[in-house]
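Residue-level listing of the chains:
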Amino acid sequence: MVRRVGLFLFAMAAVVSLATTNLQAQSALTGHVHLAVRNGEAKPVGRLPADQVLQLDVVLPLRDEAGLNAFLSDVYDPSSASYRHFLTVPEFTARFGPSQAKYDAVVRFAAKNGLTVVGGTRDGMDVQIKGTVAAVETAFHINMRTYQHPTENRIFFAPDREPITDLAFALWHISGLDNYSIPHPRLVKKSDYAQAHGVDANAVVSHATTGSGPSASFLGSDMRAAYYGGTALTGAGQNLGLWEYVGTNLADLATYYKNIGKTNSVPVTVLSVDGTSTSCTYTKAGGNCDDTEQTLDMTQALGMAPGLASLVMYVGSSDTAIISAMTTHNPLPMTIGCSWGWTPADPTILDPYFKKMAAQGQTFFAASGDASTWSTKNEAWPADDAYVVSVGGTDLVTASAGGAWKSETAWVDSGGGITPDKIAIPAWQQLSGVINSTNKGSTTLRNGPDVSANANFTFYVCADQTTCSANSYGGTSFAAPMWAGYIALVNQQLAAKGNPGIGFINPTIYTQNVSGSYAADFHDVTSGTSGSYSATTGYDLVTGWGSPNGVGLINALVAAAASPTFTISAAPGAVSVVQGKSGTSTITTSTLNGFGSAVALSASGQPTGVTVSFSPTSIASPGAGSATMTMAVGATVAVGSYTITVTGTGGGVTKTTTVSLTVAAPPNFAVSASPTSLPVLPSSRTPTG
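Residues numbered from 1 in each chain as written. Predicted model: local features only at pLDDT ≥ 70, side-chain atom pairs only at ≥ 80, totals over all residues. Heavy atoms only, no water.

Visitor: Even after reading the chapter, I still don't get the overall build of the protein, so can you show me in this structure?
Guide: A tally of helices and strands in the protein yields 16 helices and 36 strands. Put simply, the protein has 689 residues, and 52% of those count as buried. Partitioning the intrachain contacts of the protein with sequence separation of at least 6 by distance along the chain shows that 74% fall at a separation of at least 24. For the protein, the exposed area adds up to about 28500 Å²; of that, 55% sits on carbon and sulfur atoms. Side-chain charges of the protein comprise 34 positive and 43 negative groups, with the mean position of each set lying 9 Å from the other. (Helix = DSSP H or I, 4+ residues; strand = E, 2+ residues; numbered from the N terminus. Buried < 20%, exposed > 50% of the residue type's maximum accessible area, 1.4 Å probe, protein only. Contact = heavy atoms within 4.5 Å. Areas by Shrake-Rupley, 256 points an atom, 1.4 Å probe, with all protein chains shown as cover. Lys, Arg positive; Asp, Glu negative; His and termini not counted. Charge placed at Lys NZ, Arg CZ, Asp CG, Glu CD.)

Have a look at this one:
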């Protein structure tokens, strides 16, 4: 009996051990517990009510992260055959996204644990769920506690340990398990700045003496005149996205345009990505919603690119829900501005999405912040992520109202420095000539910002359905959407040449700027100080490479992004062939942007009995020429119309054209008689003797 009890206890211990090991193996791949909770700095004060409802965003991991890293290395390498061959949303999912089986497993996991699926997509790599605290605690084996915030006068909630699941695979992240860090906009009011620095607000330096707005303040159109200076490019055909944590009142945008005597022709959509309210109303009674950030984001993006096809405000409560929508929405926003900052428990949370954006040719700009040098107490993220273009601030002077760029110095509060999130230095910052003893950058960690634009207290702003203000607000909040609009101009020029958008610009601009084209591409900001760093010649940790130098940078980016390619066409595009006969079409290829490879020809889509051949079968290098396409139609091919796809492949590029083949019956004739019968009488001849 004792032996049996012993064996039973041993077996139970083994089961418990196995179960524990299995659960530990399925911990999420990112961290969820903030340092202040882990080290006891945040004191626990209670627990969340069991019946309180939480909305979470469950993110699945990439299928092949190593493969994605290799793809990104190739797609931004001009010497690679894959250079700038960006992926579509479905292509990314097929290669690197979660499998359908794993996605379905997460949906079943939610239902099994009493959680309701309320959103998310496989393309977005996330499942949005809602449920009670009790259900969440059971599903993820955590306790949802409340804590006294160590630096803010408020109570926050957070899990007491890392979540684990009984899924057969690890999740990437679960957003919404805490509210330790509340996202805030990267804007500053001049009066607040003056109070923080112990000076009179009127003493704060302002160079808004040449703007087109009230009190000589700058409008979005003034930034276009200073940083672009042309008229041909407006962002036509391009879709721009803005990252927002709060909705907006479009009446404020309308007021802005009414007051400056202009008209906005770009369709603006305020899109909730997870059920977050898109409205924002200011009332004297309280409970006010402030849409200053949201409105200025729009005016700066629209001012730079007044002819956009669309502008979408992506409004959400969790970072992963917002960026998931931004990487899957149709139409896909190819340039994106983010003017918010926050501190996640783990700075790698959004890496799969930032990499996805780079793979899909999207450009993401993040404001670098408005409190000078980056530190653990001065939020740098997401501007210090390696796949983000970090935008710092400057103090701009123009030649006249609506006039050209005249001069620029570093803005006194421009965020920048060395990442406090321990993000490794990316390859493009390791190029010789980027980091040196003068700019005091790190040779092992990510430095920022990358670029910059005006952020001084020089803008005209309308918000909160109240009186508009002039020269009261500044911040890198203004600079990030400006850059998103500027790159929309670049993408418009690229589209006109038959090329995809520019995508992640950092590998390109760093390479160009250390190789001699810097002065023509950027305004090098060489004076001014912010915190621990000063603007210097070349790259620095206050203004990055500086601000865009009109059409110079546009032309440089277009030239760099103009991938070697070719076009293919068929003449005639429609051929009629009789059964048993043959027809021909001439296939012609032309090269673009220095393409220099042979182009092999093939056909598909032809019905059984139709043989397609090419003479020659390949157009010789450099890929420009013609070939005769012969379509031999068998006698038994059914009469009808068929579409034959002609594919040209060479130099890592594939192009197609189509030929419409009509199969006809051979000509024929019929014989008929009317009437069909005649009577024949006997012969009446008389015989002769």
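Visitor: Where do I start with the side chain of His173 in this structure?
Guide: Along the chain, His173 falls in strand β7 (residues 173-175). Engagement of the side chain of His173 in a polar contact is seen with the side chain of Thr30, the distance being 2.7 Å. A polar contact of 3.1 Å, which involves the side chain of His173, links it to the side chain of His32. In this structure His173 touches Thr30, Gly31, His32, Asp57, Val58, Val59 and Ile349, once residues within four positions along its chain are discounted. (Polar contact = N/O pair within 3.5 Å; in protein donor to acceptor, adjacent residues only side chain to side chain.)

Visitor: Got a minute to help me understand the sheet that holds strand β4 (residues 126-132) in this structure?
Guide: For sheets, the rule is that strands pair by backbone hydrogen bonds, running either parallel or antiparallel. The 4 strands lie next to each other as β3-β4-β2-β7, forming an open sheet whose pairing is antiparallel. The open sheet terminates on both sides in strands that have one partner only, identified here as β3 (116-119) and β7. Put simply, the sheet's adjacent strands are angled 35° from each other on average, direction ignored. Pairing geometry for β3 and β4, over 3 bridges, is antiparallel. When the sheet's bridge partners are listed, Gly119 is paired in β4 with Gln128. (Pairing = 2+ DSSP bridges. Axes fitted to C-alpha atoms, helices over the stretch in contact; angles between N-to-C directions.)

Visitor: How should I be thinking about helix α12 (residues 351-359) in this particular structure?
Guide: For an α-helix the count is 3.6 residues per turn, leaving residues at separations of three or four pointing the same way. Summarising burial for α12: 9 of the 9 residues are buried, a large majority. For α12, the set of buried residues is Asp351, Pro352, Tyr353, Phe354, Lys355, Lys356, Met357, Ala358 and Ala359. Backbone geometry just downstream of α12 places Gly361 in the positive-phi region, at approximately 80°.

Visitor: So what exactly am I meant to see when it comes to the nonpolar core here?
Guide: Generally speaking, nonpolar side chains in soluble globular proteins are found buried as a group. The biggest cluster of nonpolar side chains holds 115 residues, and the ones touching the most others in it are Trp243, Leu311 and Trp483. When residues in this core are grouped by element, the largest group, 12 residues, is from helix α13 (residues 476-496). Not counting chain neighbours up to four residues away, the residues in contact with Leu311 comprise Leu240, Leu242, Val266, Pro267, Val268, Thr269, Met298, Ala301 and Leu302. Of all hydrophobic cores here, the second largest spans 27 residues; its members include Leu60, Ala110, Ala139 and Ile174. (Core = buried A, V, L, I, M, F, W, Y, C linked by side-chain atoms within 4.5 Å.)

Visitor: Honestly, the sheet that holds strand β28 (residues 565-571) in this entry has me stumped. Any pointers?
Guide: Taken in spatial order, the 4 strands make up an open sheet running β28-β30-β34-β32, and their pairing is antiparallel. Each edge of the sheet is formed by a strand with only one pairing partner; in this case those strands are β28 and β32 (610-615). Across this sheet, the average inter-strand angle for adjacent strands is 25°, counted without regard to direction. The pairing of β32 with strand β34 (residues 625-633) spans 6 bridges and is antiparallel. Bridged to Val612 within β34 is Met631.

Visitor: Help me understand the state of the cysteines, please; the structure alone is not making it clear to me.
Guide: Cysteine pairs can be linked by a disulfide, which is a covalent bond between their two sulfur atoms. Per the counting criterion, the structure on display carries 2 disulfides. Disulfide partner of Cys280: Cys289, at an S-S distance of 2.0 Å. Sign of the S-S torsion, about -105° for the bond between Cys280 and Cys289, identifies this disulfide as left-handed. With a relative accessible area of 2%, Cys280 lands in the buried category. Judged by its relative accessible area of 16%, Cys289 is buried. Here Cys462 engages in a disulfide with Cys468; their sulfurs sit 2.1 Å apart. Taking the sign of the S-S torsion, about 110° here, the bridge from Cys462 to Cys468 comes out right-handed. Described in terms of the sequence order of its bonded cysteines, the disulfide pattern of the protein is 1-2, 3-4. (Disulfide = S-S within 2.5 Å.)

Visitor: Teacher, can you tell me more about the confidence of the model for the protein here?
Guide: Fine structural detail should not be taken from predicted coordinates in areas where pLDDT scores are low. Mean pLDDT for the protein: 90, with 92% of residues reaching 70 or above. Taken as a whole, residues 1-25 scores under 50 in pLDDT and shows 4 contacts with residues more than four places along the chain or in a different chain. (pLDDT = per-residue confidence, 0-100.)

Visitor: Hey, could you run me through the packing of aromatic side chains in this one?
Guide: Pairs of aromatic rings are described using the distance from one ring centre to the other and the angle between the two planes. According to the stated counting rule, one finds 30 aromatic pairs in the structure shown. Judged by centre distance (5.9 Å) and plane angle (70°), the rings of Trp428 and Phe504 are edge-to-face. Taken as a pair, Trp428 in the loop between β18 (417-418) and β19 (447-448) and Phe504 in the loop between α13 and α14 (506-513) lie far apart in primary sequence, 76 residues in all. (Phe/Tyr/Trp six-rings, centres within 6.5 Å; stacked < 30°, edge-to-face > 60°.)

Visitor: Help me understand helix α7 (residues 190-197) in this model?
Guide: The complete set of buried residues in α7 reads Lys190, Tyr193 and Ala194. Down the axis of α7, the buried set is contained in an arc of 100°. They therefore lie on one face. The outward face of α7, more than 90 degrees from its buried face, is lined by the exposed residues Gln195 and Ala196. Packing partners of the buried residues in α7 comprise β9 (188-189). One or two steps after α7, the chain reaches Gly198, where phi turns positive at roughly 65°. (Arc of directions from axis to C-beta.)

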